[in-house]
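Next come the chains, spelled out residue by residue.
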Amino acid sequence: MSTAIVRPFLLLPLLLLPLLVGTAASAPDALPPPPMVKPGTGQETVQADISTREIAIQSNFTGVEILIFGSIDFSDSRTPTGGTYDVITVVRGPNEPLVLRKKTRVAGIWVNGPANTYDDVPSFYAVLSSRPVRAIASDKALRSLGIGLSDIDLGRDTAGSPQEQSFHSAVIRLMEGKKLFQEDYDGVVFIGRSLFRATVALPVNVATGRYLVDVYLFRDGELASRSQGSLEVTKAGMEALIHTLAFQNPFLYGLLGIAIAMLAGLLGWFAFRRD
Amino acid sequence: MFQIYLPIAEISVNLVVMLGLGAAVGFLSGMFGVGGGFLLTPFLMLSGIPPAIAVATGANQIVGTSVSGTLAQWRRGNVDLHMGAVLIAGGVAGALIGVLLLKYLRELGQAGLFISLTYVVFLGGIGALMLWESVNAIRRQRAGKSVSARKSGQHNWIHGLPFKMRFPRSRLYISAIPPLVIGGVVGLLASFLGVGGGFIMVPAMIYILRMPTNIVVGTSIFQIIFVTAVVTLLHATLNHTLDIVLALLLVIGGVIGGQFGVRAGQRLRGEQLRALLSLMVLGVAARILIDLLVKPSDLYSLVPMVGGS
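This is a predicted model, so every value here is computed, not measured. (Residues numbered from 1 in each chain as written. Chains lettered and ligands numbered in written order. Predicted model: local features only at pLDDT ≥ 70, side-chain atom pairs only at ≥ 80, totals over all residues. Heavy atoms only, no water.)

Colleague: In this structure, what is going on with the confidence of the model for chain A? I would like to understand it.
Modeller: Detail in the predicted coordinates should be disregarded across regions flagged by low pLDDT. Residue and element names in this part refer to chain A. Of all residues in chain A, 78% have pLDDT values of 70 or greater, and the mean over the chain is 80. By mean pLDDT, helix α2 (residues 17-20) is the weakest element of chain A at 42, and strand β7 (residues 125-129) is the strongest at 94. Note on residues 1-28: pLDDT under 50 across the span, and 25 contacts to partners over four residues away in sequence or across chains. (pLDDT = per-residue confidence, 0-100. Helix = DSSP H or I, 4+ residues; strand = E, 2+ residues; numbered from the N terminus. Contact = heavy atoms within 4.5 Å.)

Structure below.
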C-alpha cells in the first residue's frame, strides 16, 4: 500500500547499485557491508559497528545505551579536529501506524477532536552528528538521505486536513518528548585521527524489531562513504513468554491471570484468618 | 532500583510503588467492604498506565481481593447463592456489552472520555446520595432515634413483576427481573470502568431489592468475583489489554492491605464509614471532572492505532 511513496533512503542503494556490485544486499546478520568508494572524492571509506547486535527486553529493562563506533580508512586528516570529515549517524526503528488526536473544547469539556493517522512512523529515530547537520551538507543532500527530523517521512496520512503541518510537527514534538526521536549535533565524537564514536540511548518504551544504523561520512559537504548495520530489539525470557501468550493464546492467558489472582486471594485469606 | 518492566503496558514501573498502591486500595476496600476498583483504576491511569490496560488489569486485581473477602463473608453465612447466581447471569451479559462498547470507543479515540464521564456521573451521584444518607443517619442518631435502612414488610412496585423466585437466605420472594437488570448494569460498568461495581450494587440491593444489609455485602462481593473474572477474560481475549505482571503486584498488595482494612473498619461505626467512603468517592469524581474541564497542557496526543495491521 505504500508503493506510491518515494522514500529517499530506500532509493539511494538502488542508485548506487552499479558501484556496489551487489554487496549492499548482504544477508541481515552478516557483517556490515564493505565500504563503498565514491569515485572522485579520494579513497576514504567509513566502517562502523554497533556495540550490541541484540537487545533483550527483560523484567529489569529500563532502557539501554548503545555505542556506535567506527573508523575512517585512508583518512588524510592530520588532527582529530581538522574538520576535513564529518560523520552523521542515523538510527531508525521499525515503522508503526500511529494516530494523532487533537483535543477541542465541546460544551466545556476537552474531548478528542480531529485525528490524523500516519501509516509508517519510525518507532525510533535518532540523528547524531559531529556538527549541526545543516553545516555538514546541503538541505537537498540531507533530504535525499532522510537525515534530520524536519524531513522525516511519517508515511501516508489521512490527507485533506487543513492543520496538516501543525499535526506533522506535533507528531515530531510528542515523539521527541518520549525520547523516541532524538537529534544530537555533538553526538559523534572523534578520537584520534580516524576513530569516532557515538552513543544513543534507547528509552524503556522502545518498540521491538529490527533497527537500522546508518553511518554517513561527509567530506566537504559531499557524501564520501556510508556503512550500514542493524540491531535487533526483542523481548526475552519471562517477558517474551508473557507477551507471546497474551497475543497468541489470549484465552489461556486470561484464565492464567484469573487463576493467579484467585490463588493470591485464597493464600491471603488463609494466612490472615483468625480462627 | 526496584524497577520492573511490564510486558503488555510496555513501560517500566516501580515495584514498591505498585505494591503500595495495591495495598492502599486493598486497605480501603477491606475497610469499606467495596472492591476498590473505582480508586485503583483512576490511580493506575494517573501513574501512566494506558486507560484500557488500567481497566483490564484493575478488574483482574479485584478478582483476587474479592476471593479473600468472599471467604471471610462465607464463613459468617452472608452469601445468598441464589441471588448471586441471578446477579451473575445479568452481570455476564452486561460485561460482554461493555467490553465490545469499550473496543468500539477505543477505535474512535473516545474511550478515555467516556470512561472519565461515566466515572464522574456514577461516582458523583452515588457519592452525593451516600453522603446525604449517612449524614442524616448520624444526625438522627445524635437525636437519639434508631436507624434502620431496611423497612421490612413493605411492598413496592418490585412485587408486581413476573418470574418470581424464592431467595431463602435473603428471606425474599421477588421477581428475577430486578436482580438480572441490576447485575447487567453492574457488569456493564465493571467492564467499562474496571471496577467491581459494589458501590452501585450494595445500595441497589438494600434500597430496591430490600435485602438484609449483612447478606448484601457478602452476596455483592461473591458475585464480583465472577463478573470481574469474566471481564478480565473478555479484555484479555478481545483487547489484549491485561498485564499479568502488573496484576500480580497489585493483587499481592491488595490482599495484604485488605486484611488490615477489615480490622480497621470494625473499629468504625457504619454511618461514619459510609460518610468517609462517600467523601472519598466524591473526591475521585471531582479529580476526574477537573481533568476534563481544565485545558490540557498539550492538546495533541499520540497513540498506537487500534486494530491496525
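Colleague: Got a minute to help me understand the packing of aromatic side chains in this structure?
Modeller: What describes a pair of aromatic rings is the distance from one ring centre to the other and the angle between the planes of the rings. Evaluated as defined, the whole model comprises 6 aromatic pairs over all chains. Ring centres of Phe124 of chain A and Tyr211 of chain A lie 6.0 Å apart, and the angle between their planes is 50°; this geometry places the pair in the tilted category. You can see Phe124 of chain A sitting in the loop between β6 (109-122) and β7 and its partner Tyr211 of chain A sitting in strand β11 (residues 209-219), a full 87 residues away along the chain. Ring geometry for Phe167 of chain A against Tyr300 of chain B: centres 5.5 Å apart, planes inclined by 85°, an arrangement best described as edge-to-face. One end of the pair, Phe167 of chain A, is in helix α5 (residues 164-177); the other, Tyr300 of chain B, is in strand β5 (residues 300-304), on a second chain. For Phe167 of chain A, a relative accessible area of 0% translates into the label buried. Exposure remark for Tyr300 of chain B: the relative accessible area of 13% places this residue in the buried category. (Phe/Tyr/Trp six-rings, centres within 6.5 Å; stacked < 30°, edge-to-face > 60°. Buried < 20%, exposed > 50% of the residue type's maximum accessible area, 1.4 Å probe, protein only.)

Colleague: What is the right way to read the interface of chain B and chain A from this model?
Modeller: Often, the extent of an interface is quoted as the loss of accessible area upon association of its parts. Contact with chain B, which involves 56 residues of that partner, is made by 56 residues of chain A. Both sides of the chain B and chain A interface together cover about 4900 Å² of buried area, and 68% of this is carbon and sulfur. Considering only the side of chain B, the residues that lose the most area to chain A are Tyr5, Tyr300 and Leu302 of chain B, jointly responsible for 18% of the buried surface there. Counting across the chain B and chain A interface gives 2 salt bridges. Here Lys235 of chain A ties to Glu10 of chain B by a salt bridge, and the two come within 2.7 Å at their closest N and O atoms. If you look at where chain B meets chain A, you find 17 residue pairs in polar contact (both at pLDDT 80 or more). Sorting the residues of the side of chain B that touches chain A by element identifies β1 (3-5), α3 (51-75), α4 (81-108), α5 (111-142), α8 (213-239), α9 (244-265), α10 (270-293) and β5 of chain B as the ones contributing at least two each. The element contributing the most residues to the side of chain B that touches chain A is α9 of chain B, with 9 residues. Tallied by class, residues from the side of chain B that touches chain A come to 34 nonpolar, 14 polar and 8 charged. Pairing geometry for strand β5 (residues 95-106) of chain A and β5 of chain B, over 5 bridges, is antiparallel. By the bridge assignment, Arg101 of chain A is partnered in β5 of chain B with Ser301 of chain B. (Buried area = accessible area lost by both parts, 1.4 Å probe. Salt bridge = Lys/Arg side-chain N within 4 Å of Asp/Glu carboxyl O. Polar contact = N/O pair within 3.5 Å; in protein donor to acceptor, adjacent residues only side chain to side chain. Nonpolar A, V, L, I, M, F, W, Y, C, P; charged D, E, K, R; others polar. Pairing = 2+ DSSP bridges.)

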